[in-house]
Amino acid sequence: MGKSSTRVIYKQDSQATEEFIVMVDPDQYSKWKNGDTSVPLAQVVETFKIYFSNQGGQGLLTTASNQQLDNVFGTHKDVDVVEHILKHGREQTKSTKSSGGVHHNVRGVGDGGSR
């Protein structure tokens with residue numbers, strides 16, 4: 001049986017291949033997105049780490065640099081960027097195989113052996 005992971009993906013425009021991604025708790029995100037201001041942002045996101053892919057949904061996820069965040073969002077302050085992504089991004093849930101770890105489409109990592 002697999003586990004699902006939910007991410008919110010932000011693209012500057014529909015033609016862009018560059019994506020900024022934040023991992024979220026789907027239940028808390030749903031409450032927050034629907035206007036429940038009592039839900040702290042720290043409970044909505046799994047981490048304040050902002051991921052980046054320049055190959056769309058199939059690419060390797062890396063941590064976004066401060067320069068990339070400044071260029072796109074006008075700031076690299078994690079709270080401001082995360083909030084922008086959550087407000088303007090699209091939610092995506094992916095099932096992951098239960099092979100001992102969570103996979104986020106990372107290429108070049110072992111073939112799923114146990115850790």
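Residues numbered from 1 in each chain as written. Predicted model: local features only at pLDDT ≥ 70, side-chain atom pairs only at ≥ 80, totals over all residues. Heavy atoms only, no water.

J.: For this particular structure, what's the right way to read the environment of asparagine 54?
T.: With respect to the element layout, asparagine 54 can be found in the loop between strand 3 (51-53) and strand 4 (62-63). Among the residues examined, asparagine 54 registers a relative accessible area of 45% and is labelled partly exposed. The spacing of asparagine 54 and glutamate 18 is 36 residues in sequence and 4.1 Å in space, taken between C-alpha atoms. In this structure asparagine 54 touches Thr17 and Glu18, once residues within four positions along its chain are discounted. (Helix = DSSP H or I, 4+ residues; strand = E, 2+ residues; numbered from the N terminus. Buried < 20%, exposed > 50% of the residue type's maximum accessible area, 1.4 Å probe, protein only. Contact = heavy atoms within 4.5 Å.)

J.: Could you clarify how one ought to interpret the environment of serine 30 in this entry?
T.: Note that serine 30 resides in helix 1 (residues 26-33). Here serine 30 falls in the partly exposed class, since its relative accessible area comes to 36%. Spatially, the C-alpha atoms of serine 30 and glutamate 91 are 9.7 Å apart, while their sequence positions differ by 61 residues.

J.: Looking at this structure, I do not really get the pattern of salt bridges. What am I missing?
T.: Pairs may arise between side chains of opposite charge once their charged atoms sit close together. Counted by the stated rule, this structure contains 2 salt bridges. The salt bridge involving glutamate 19 is made with arginine 90; its shortest N-O contact spans 3.8 Å. Remark: arginine 90 occurs in strand 5 (residues 90-96) and glutamate 19 occurs in strand 2 (residues 19-24); sequence separation between them is 71 residues. Here glutamate 83 ties to lysine 87 by a salt bridge, and the two come within 3.1 Å at their closest N and O atoms. Of this pair, glutamate 83 and lysine 87 both sit in helix 4 (residues 78-88), 4 residues apart, which is roughly one turn of the helix. You can call lysine 87 exposed: its relative accessible area is 51%. (Salt bridge = Lys/Arg side-chain N within 4 Å of Asp/Glu carboxyl O.)

J.: Honestly, the nonpolar core in this entry has me stumped. Any pointers?
T.: Grouped together as the largest cluster of nonpolar side chains are 20 residues, with contacts concentrated most on Phe20, Val24, Ile50, Ile85 and Leu86. Of all the secondary structure elements, the ones that give two or more residues to this core are strand 1 (3-10), strand 2, helix 1, helix 2 (41-44), helix 3 (66-73) and helix 4. One finds Ile21, Met23, Tyr51 and Leu61 within the second-largest nonpolar core, a separate group that totals 5 residues. (Core = buried A, V, L, I, M, F, W, Y, C linked by side-chain atoms within 4.5 Å.)

J.: How do you make sense of the confidence of the model for the protein when you look at a structure like this?
T.: Caution is warranted with low-pLDDT regions, since their predicted coordinates should not be read in detail. With 75% of its residues at a pLDDT of at least 70, the protein reaches an overall mean of 81. Confidence over residues 98-115 falls short of pLDDT 50; this stretch has 20 contacts with residues more than four positions distant or in other chains. (pLDDT = per-residue confidence, 0-100.)

J.: Sorry, what's going on with the packing of aromatic side chains here?
T.: When we look at a pair of aromatic rings, we describe it by the centre distance and by the angle of the planes. Under the defined criterion, the tally for this structure stands at 4 aromatic pairs. An angle of 45° between the planes, with centres 5.3 Å apart, marks the rings of tyrosine 10 and phenylalanine 73 as tilted. With a gap of 63 residues between them, tyrosine 10 in strand 1 and phenylalanine 73 in helix 3 connect regions that are remote in the sequence. Overall, phenylalanine 73 belongs to the buried group, its relative accessible area being 16%. Consider the rings of phenylalanine 20 and phenylalanine 52, whose centres lie 5.2 Å apart with planes at 50°: the pair is tilted. With phenylalanine 20 in strand 2 and phenylalanine 52 in strand 3, the pair connects residues that are 32 residues apart, well separated along the chain. (Phe/Tyr/Trp six-rings, centres within 6.5 Å; stacked < 30°, edge-to-face > 60°.)

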